[in-house]
Amino acid sequence: MTETDIAYGDLTFQDSHPGQLAAIATLLGLTPPPVDTARVLELGCGTGFNILAMSQALPNAHFTGIDYSPVQIERAQSAVAAIGATNIEFLCQSILDYSAASGSFDYIIAHGVYSWISAATRDALMAIIERCLSPNGVAYISYNTYPGWHSRIVAREIFTFFAQPGASSAERARQSRDGAARLLPAITNPDSLYGQTLQAEVAPLLNAPDYYIAHEYLVEDNFPTYFRDFAAHAGRFNLQYLAESRLLANSFVLGGDLRRALDENAGSDILRREQYLDFLIGCYFRQSLLCHAAAPVNREVEPERILPLSVSLTAEILEVTPDAWRIRSHIGAEFTVDDKPIVKILELLRQLGPAPVPAQAFIQPIIDALGMHSVAALGGTIIAGILLAGWSRGLWILRADTPVLVNPPSPKPLACPLARLQARQSNRCTNRLHRTITLAPDEQALLQQLDGTREIEPSPALARLAAEGFLIA
Ligand SMILES: C[S@@+](CC[C@H](N)C(=O)[O-])C[C@H]1O[C@@H](n2cnc3c(N)ncnc32)[C@H](O)[C@@H]1O
């Protein structure tokens, strides 16, 4: 990849959070390192906001970010200075040159990097994971995949056609957007498969920000890959595929027609099943977890393994009636939930959150609410099964860390320093659970004020900031 002169955006990615990585590893029989004191490395960290936000919510963990772009590392370092973070360091270094002691990181993250680097750098990235990941550690790599990217490649080729060599990245992004905007209405057969593909892939990019076009579509190196090739690449570095970071993206939690199609056509091998799934859904992006080849992954899912973890509500509650809740899952699917135990858990999460609630805390209330006294001894097993079902439907996630959150607010509320910094520039801020929350103008203005020194009158804006998990005191 050639360096660009435009920062990628101050983005954070919930699915790359070690608390979530550790939860998935635990479900699959591993004993990942404790998250609250973990050593975390991010490769190609951009402006560093992903691990900066993590470092604020995990003060006893230590974070290292590397990126070879001076513009981005300067931005990361000025954010460190602005918020006074002490458990994080950023290095302006190439993945090709980076070396660290064997086993020195418990979690290694590479978001949006693997598909945009040369084959030699991809090898170097895998070699870093092989060498630096601790024996029970977990790595997260996101990447663009075929078959989905076959149609996106057309958009990339059109965009690069219009971008002039030698211009700045922002200028190239503008040139390519303008060119594509003129091309789209002029294509000769908009109803053809080609016309429809262009409409679907190019039109949504016409309003995309410069940094996104520059990094996602205009960079010289862009190598989507088939999942099977990614897994084979990891295998050459003595790493094995563990799972997808989002539970609901995994073939092993699927039911219904997709499950039947996999059972009938893909056999029992996990790599074959995952690749077959990609053909079924036209997958264009994966967030895959890797661990050492020797790690004892157990694919017979036993829900009880999640009982030591905590539960964090991720669905948005749209409407509550006595018997059914209308919700929007964290991937945007809307549906009605009327199973009594699931509704009860949603109720408890609303009442006890936003801090994650230990899974064990649900056992007794659910036994009581459902009158399950005759099978009370099986309570843990039953609740674990229900929690796993809600997790795989995107209602909540299980996580292995315990971020500190405060709700209701104190008289002099204190919000996370990084979120306050983000609020100065944007209405999209990262909460203590590592979720990006879109704020209304009054909420964004108030968040900047919450430095723990000012008496703040109760207000709907303050209540929302507390309910969304921004406050630490
Ligand atoms: C698409 S951006 C993703 C940035 C960030 N991880 C994110 O998702 O917001 C890819 C990043 O990888 C960095 N990068 C590319 N090649 C690299 C290399 N050889 N060594 C270090 N960083 C590299 C780029 O500078 C850029 O910040």
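These numbers come from a predicted model, not from an experiment.

Before going further, it helps to examine the packing of helix 5 (residues 149-162) against helix 8 (residues 210-218). With their axes 9 Å apart at the nearest point, helix 5 and helix 8 run at an angle of 115° to one another. In terms of their interaxial angle, helix 5 and helix 8 are classed as roughly perpendicular. Between helix 5 and helix 8 lies a crossing of left-handed hand. On helix 8, the residues that touch Ala155, Arg156, Phe159 and Thr160 of helix 5 are Ile213, Tyr217 and Leu218. Here the contact of helix 5 with helix 8 is built from residues that sort into five nonpolar, one polar and one charged.

Split by domain assignment, the chain resolves into domain 1 (14-146 + 224-292), domain 2 (149-218), domain 3 (303-399) and domain 4 (417-467). A straight line from the C-alpha centre of domain 1 to that of domain 2 covers 29 Å.

This part covers unusual backbone geometry. Here the residue pair tyrosine 146 and proline 147 is connected by a cis peptide bond, since its omega of 10° sits within 30 degrees of zero. Looking at the secondary structure, you find proline 147 in the loop between strand 5 (133-144) and helix 5. The residue after asparagine 407, namely proline 408, is reached through a cis peptide bond having omega 5°. Residue placement: proline 408 occurs in the loop between strand 13 (396-399) and helix 15 (417-425). Positive phi, close to 60°, is recorded for asparagine 238, a residue that is not glycine. Within the secondary structure, asparagine 238 sits in the loop between helix 9 (227-235) and strand 6 (239-244). C-beta crowding within 10 Å serves as the criterion here: with 13 such atoms nearby, asparagine 238 is assigned to the partly exposed category. You will see that histidine 434, though not glycine, has its phi angle at about 70°, which is positive. Mapped onto the elements, histidine 434 comes out in the loop between strand 14 (428-430) and strand 15 (436-438). Using a count of 26 C-beta atoms within 10 Å as the deciding quantity, one classes histidine 434 as buried.

Moving on to the pairing of strand 4 (residues 105-110). The buried count for strand 4 comes to six of six residues, which makes it a mostly enclosed element. Two strands pair when backbone bridges link them, and strand 1 (residues 39-43) and strand 4 are joined in this way by three bridges, in the parallel orientation. Bridge pairing in strand 4 places leucine 41 opposite isoleucine 108. Where strand 4 lies against strand 5, five bridges are found, and the strand directions are parallel. The residue bridging isoleucine 108 from the neighbouring strand is alanine 139, located in strand 5. Considered for its hand, the β-α-β crossover made up of strand 4, helix 4 (residues 119-132) and strand 5 is right-handed.

Right, let's talk about the sheet that holds strand 11 (residues 334-337) for a bit. Read across the sheet, three strands follow the order 9-10-11 without closing on themselves; strand pairing throughout is antiparallel. One side of each edge strand has no neighbouring strand; the edge strands of this open sheet are strand 9 (316-320) and strand 11. Going from strand to strand, the sheet's axes swing by 25° on average, the running direction of each strand aside. Relative to strand 11, strand 10 (residues 325-328) runs antiparallel, the two sharing four bridges. If you follow isoleucine 327 over to strand 11, its bridge partner there is phenylalanine 335.

Rules behind the numbers
- Residues numbered from 1 in each chain as written.
- Predicted model: local features only at pLDDT ≥ 70, side-chain atom pairs only at ≥ 80, totals over all residues.
- Axes fitted to C-alpha atoms, helices over the stretch in contact; angles between N-to-C directions.
- Helix = DSSP H or I, 4+ residues; strand = E, 2+ residues; numbered from the N terminus.
- Parallel < 35°, antiparallel > 145°, perpendicular 65-115°, else oblique.
- Left-handed = near helix turned anticlockwise from the far one by under 90°.
- Contact = placed C-beta atoms within 7 Å.
- Nonpolar A, V, L, I, M, F, W, Y, C, P; charged D, E, K, R; others polar.
- Domains from an automatic or database assignment.
- Buried ≥ 20, exposed ≤ 12 C-beta atoms within 10 Å, placed from the backbone.
- Pairing = 2+ DSSP bridges.
- Right-handed = clockwise from strand over helix to strand, strands pointing away.

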